[in-house]
Structure formats: structure tokens, C-alpha cells
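Observations on chain architecture
The residues making up each chain are set out below.
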Amino acid sequence: MDTSTAHASEIAAAVAAGRVSAVAVVDAALARLAQHNGALNAFTAVVEARARKKARALDAARSAGQASGPLAGVPFAVKNLFDVAGLPTVAGSKINRDRAPAVRDATLIARLEAAGAVLVGALNMGEYAYDFTGENVHDGPSRNPHDLARMTGGSSGGSGGAVGGALVPIALGSDTNGSIRVPSSLCGVFGLKPTYGRLSRAHTFPFDASLDHVGPLARSVRDLALAYDAMQGHDPDDPVCVERAVEPVTPLLAKGTAGLRIAIAGGYFRAGLFPEARTAIARVAAALGVGDEIEIPEAPRARAAAYVITASEGAALHLERLRERAEDFDPAVRDRLIAGAMVPAALVVKAQKFRRWYRARVLELFAGVDAILAPATPCTAPLIGQSTFMLDGAPVNVRANLGIYTQPISFIGLPVVAVPVPLHPMPIGVQIIAAPWREDVALRIAHALEQAGVVTAAMPALAESGKKPRKVGAVMRAVT
């Protein structure tokens, strides 16, 4: 087994059985990272010494007869807004590089490592997570593993690129308006945005407290489920993390779609689609035997209200930085934050009232269905540097519109799995949306589609990219 490109479930099984050592797995992952990150620009820091130390400890524990965890020896990486002990939490910014290194890991890192996973580094992202393209002005753009000239999507762009390029089998990202699902769609991987409050955000750099989610990206549904199960549980360090019993989903995957009622989101979610997105929805719906459409009411207003809340909460968080170091922001991020600071309070109150109404109306839909299918992005990955595309016959801004189908869903905290449809030449994603706390439903449907071969995270031929790999130390910080 080539562990450098294996799935997490395969790695964990091999390590637990003694067919391969955790040290060998980590060495292979670090070698692949060194070979290909120069082209992908997914990592901003590598914690090589830490990773090898953890791997040696796992091997020693197994030799001593201790049981291996469900993610034994599995390398993973995190968006660089997660606290990593010994690293400054840069959150994609220039300003945060002046921060003191974190003294402890984020809760979700600790939980994954408790399950046997091995952190190997931190990942590129859009500045302060206010981004849908994956183009960072300080670290350079993360690049799509299927075409290095194209975007990964954002703001978890490094997470999408690292998983899509098989640098790691699992990565963590954050999702405020679509920042897990957009990179999952453009990079052709699976992504999970759980219910708001399900997974702890403690010891991560925030963007919008009332909208921020965190979750995993992976190259298989089982890997997504394994990571999600390992990270569940209440955390008092995150005030919105619910006191809810852990509800493992991995044992439920084999139940498939039996008894589930599924519909396609119509209206707003069918307008403006590029042909590739229409094809992806059609393939998934046909495989599931789904023909019924359902209308999600007032989705355009939900997107508008999400913009208002995002801009105002983001501006409030960054107000002092804007006053003191405005020139050190990405200009595009700075200008949106300044605009957010000028949003009238009355408009924010109106948006929040609408949010409550809209959530109640959408939840009513789940009395008749268990899951809803919707596009993840309107198109496949645009070119890096591309500023506009045509939507409904009119040129629109790429950065603002890659999340048109994700924002109305994250706005009310519903759980969503993004699944990759492997079209040629570029993949594109479909959202599987479920009722609150029913991540199991979305993951069961995703697993059934994967088993049928309808959705899959295809492996790109990075060796044929034509990009000369650069040494790790030339493009990122290597932490020893």
C-alpha cells in the first residue's frame, strides 16, 4: 500500500495491524508534501519534528500492547486559523504574524491526535477567512491540484488543495458562508459543514461568531465520518458548542439511503448554473432516483442578510486593526471590512430578524423530506486572477459569487456534505443538506453515492504538472 496517497481508514487499519509503522506513514506524507507543495502552495508551515515525535510515540504504544485509535498514524493538516502550539495563528494575514506563538493546540487538533492522527502542518487560506477564491496576497494563491492555473476556492483553499492533491488524507477548514464547501467543490473532495454548534471552535481565530463553523475535508466519506466522530463532544471553551451526546456516524454509513426522502432544491438553486453544475446535480439525482423539486423560500434575501451580518460582525472584530494597520490588510478584504463598519445598525437588526423567520420556514421543509440536493458552486474552478464570470447573462464578481448557493444554508447553520462529481476536465460539487443534528443522513447519502461510483475524489496527476517542485523551506516555515 502506498501510504502517501492512501485513505485515512486504510492507513489506520494498516498501522493498527502492524503492517506499517506510523513513522513510515508520516515520512511518506512529509516526502510527498516536500515534492508537491511547491506547485500547490497549500502549506504555510510544516511541523516536521512534532509529527515524527508523535509517530514514534504511537509506534511505541502499539509495541507495548496499547490499542490503536481509529485514526492511528493518519497525517492531517489544519487551516492556519487553528491554534497550533509553537506557531503564531496567522489566519492568512500579515498582521497576525506579529502575534506570539500559540501555547496550546485548538480543541479539534487535540481530539484528532487523541484518536491517533498526526498533525503535519498549517495550511494557506484567504486573509481572515473573508474570501471565496483561495488567493492570498501575503502567501500567494493556493493552486488547484487538477489544474495549477485554477483557483482552489476559499477561504479554506489550502485545505482543499492539500486533500485534493493527496498531501494529507484529512484537513480541517472553517465555513462561515461556504469556505469548506466551495474548496471541496472546486478541488474535487468531500467536505462536511456540521450543524452550527456541533464541533468546537475553541482556540481558532474567529471571523463571524454567529456564522462560523469548523469541519473536515477528506478524499472519502468514511474518512470524513471518522474525523467527524473523533471531534464530536461538548467543549466549554466554545460558548456555542452544544451540550449534546456524541452521536457516531461511521457505523451508520452502511445503512445507505433506505427510507430517506430526498428532493432537489429548485428556483433560486437552479438559476444561474453553468452546464457542469447542471450535469452534476442531474447525475446525483438520477443515481438516487430523485425527481421531486422543493422550493427553499426567500433564498436570495437569505444571501443578502448573510452579507449584512458577515460584513458588520467582521468589521466589529477587526475595527482596531483597521484603525492602526489598514495598510497591512489585503486591500480587497480591508475595503469590505470598512464597508461593513458603515452598515446601519437598523439593517443588521432587520437581517437578524429575517434570519429567525427564514430558519423557521426552512425547518418546516424537513417535515416532508430528509435531505435536499443543491449545487455547491455555480461553476468549476475559475482561473487564478480571474475577476468576473457570466451569471445569467451578466458579468459578476467571482469572489462575491462563488458562494451564492452555500450562503443561504450556512446562514441558518444546517449540516451539509459537499460531494465531488468527477467531470472532465474539472470536478464540481453537490451539496447534500440535512436537518439540524442529522449529519448522519447527509453522510449516508454521500456514502451511497460514493459506493455507486457517482461521486469520487479523483487523484490528479501532479507528477505531470510541469511545475518544478521547490524545497519546503523555500516556500513555508519548517518548524523543528
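Check the entry above for the structure.
In what follows, the accompanying structure is described. Not measured: the values here are computed from a predicted model. (Residues numbered from 1 in each chain as written. Predicted model: local features only at pLDDT ≥ 70, side-chain atom pairs only at ≥ 80, totals over all residues. Heavy atoms only, no water.)

1. What to know about the overall build of the protein
Looking only at helices and strands, the protein features 15 helices and 16 strands. Over its C-alpha trace the protein gives a radius of gyration of 21 Å, about what one expects of a compact globule, namely 23 Å for 480 residues. By principal-axis analysis of the C-alpha atoms, the protein measures approximately 60 × 55 × 50 Å. Residues classed as buried in the protein amount to 61% of the 480 residues present. In the protein, of all internal contacts separated by at least 6 residues, the share reaching a separation of at least 24 is 78%. The average position of the 49 basic charges and that of the 43 acidic charges among the side chains of the protein differ by 1 Å. (Helix = DSSP H or I, 4+ residues; strand = E, 2+ residues; numbered from the N terminus. Rg over C-alpha atoms; globule rule 2.2 N^0.38 Å. Buried < 20%, exposed > 50% of the residue type's maximum accessible area, 1.4 Å probe, protein only. Contact = heavy atoms within 4.5 Å. Lys, Arg positive; Asp, Glu negative; His and termini not counted. Charge placed at Lys NZ, Arg CZ, Asp CG, Glu CD.)

2. Brief notes about the side chain of Arg111
Secondary-structure assignment places Arg111 in helix α4 (residues 107-114). Of the buried charged residues, Arg111 lacks a salt bridge, with Asp235 as the closest side chain of opposite charge at 4.9 Å. Beyond its immediate stretch of four places on either side in the chain, Arg111 contacts Ala230, Met231, Gln232, Gly233, His234 and Asp235. (Salt bridge = Lys/Arg side-chain N within 4 Å of Asp/Glu carboxyl O.)

3. Things to note about the side chain of Ser410
Along the polypeptide, Ser410 turns up in helix α13 (residues 407-410). Owing to a relative accessible area of 1%, Ser410 belongs among the buried residues under this scheme. From its side chain, Ser410 meets the backbone oxygen of Thr176 in a polar contact 3.4 Å long. Polar contacts involving the side chain of Ser410 include one to the side chain of Arg181, which spans 3.3 Å. Those residues in contact with Ser410, other than ones at most four positions away along the chain, are Asp175, Thr176, Asn177, Gly178, Arg181, Lys193, Leu211 and His213. (Polar contact = N/O pair within 3.5 Å; in protein donor to acceptor, adjacent residues only side chain to side chain.)

4. Regarding the packing of aromatic side chains
Using the criterion set out here, one finds 11 aromatic pairs in the structure. Site record: aromatic cluster; members linked through ring pairs are Phe354, Trp357, Tyr358 and Phe411. Note that Arg336 overlies the ring of Tyr130, its terminal NZ or CZ placed 4.4 Å from the centroid. (Phe/Tyr/Trp six-rings, centres within 6.5 Å; stacked < 30°, edge-to-face > 60°. Lys NZ or Arg CZ within 6 Å of the ring centre and 35° of its normal.)

5. As for helix α3 (residues 48-63)
Compared with an ideal rise of 1.5 Å per residue, which puts 16 residues at 22 Å, α3 spans 23 Å between its outermost C-alpha atoms and is within 8% of the ideal. Listed in full, the buried residues belonging to α3 are Ala51, Ala55, Leu58, Asp59 and Ala61. The buried side chains of α3 occupy one side of the element, clustering within an arc of 160° when seen end-on. Residues of α3 that are exposed and point over 90 degrees away from its buried face: Lys53 and Ser63. Lining the buried residues of α3 we find α2 (22-40) and β3 (118-123). (Expected span 1.5 Å × (residues − 1). Arc of directions from axis to C-beta.)

6. What about unusual backbone geometry?
The omega torsion across Gly154 and Ser155 is 5°, close enough to zero to call that bond cis. In this model, His424 is joined to Pro425 through a cis peptide bond whose omega is 5°. Turning to its location among the elements, Pro425 is positioned in the loop between β14 (416-421) and β15 (428-434). Non-glycine residue Ala166 carries a positive phi angle of around 60°.

7. Looking at the pattern of salt bridges
Under the counting rule described, the total for this entry stands at 23 salt bridges. For Arg198, the salt bridge goes to Glu439, with nearest N and O atoms at 3.1 Å. A residue pair is termed long-range when its members are at least 10 positions apart, and Arg198 in the loop between β7 (190-193) and β8 (213-218) and Glu439 in helix α14 (residues 439-451) qualify at 241 residues. Here Arg198 falls in the buried class, since its relative accessible area comes to 4%. Counted as one network, the salt bridges with shared partners bring together Lys94, Asp98, Arg325 and Asp328.

8. Overview of the packing of helix α9 (residues 299-325) against helix α10 (residues 331-341)
Interhelical geometry of α9 versus α10 gives an angle of 110° and a closest axis separation of 8 Å. The angle between α9 and α10 falls in the class roughly perpendicular. Residues Ala311, Ser312, Gly314, Ala315, His318, Leu319 and Leu322 of α9 lie in contact with α10, whose contacting residues are Arg334, Leu337, Ile338, Gly340 and Ala341. (Axes fitted to C-alpha atoms, helices over the stretch in contact; angles between N-to-C directions. Parallel < 35°, antiparallel > 145°, perpendicular 65-115°, else oblique.)

9. Details of the environment of Val20
Mapped onto the elements, Val20 comes out in the loop between α1 (8-17) and α2. Considering only alpha carbons, one finds Val20 and Met1, 19 residues apart in sequence, at a separation of 9.1 Å.

Remember that the coordinates give geometry; whether it matters functionally is a separate question.
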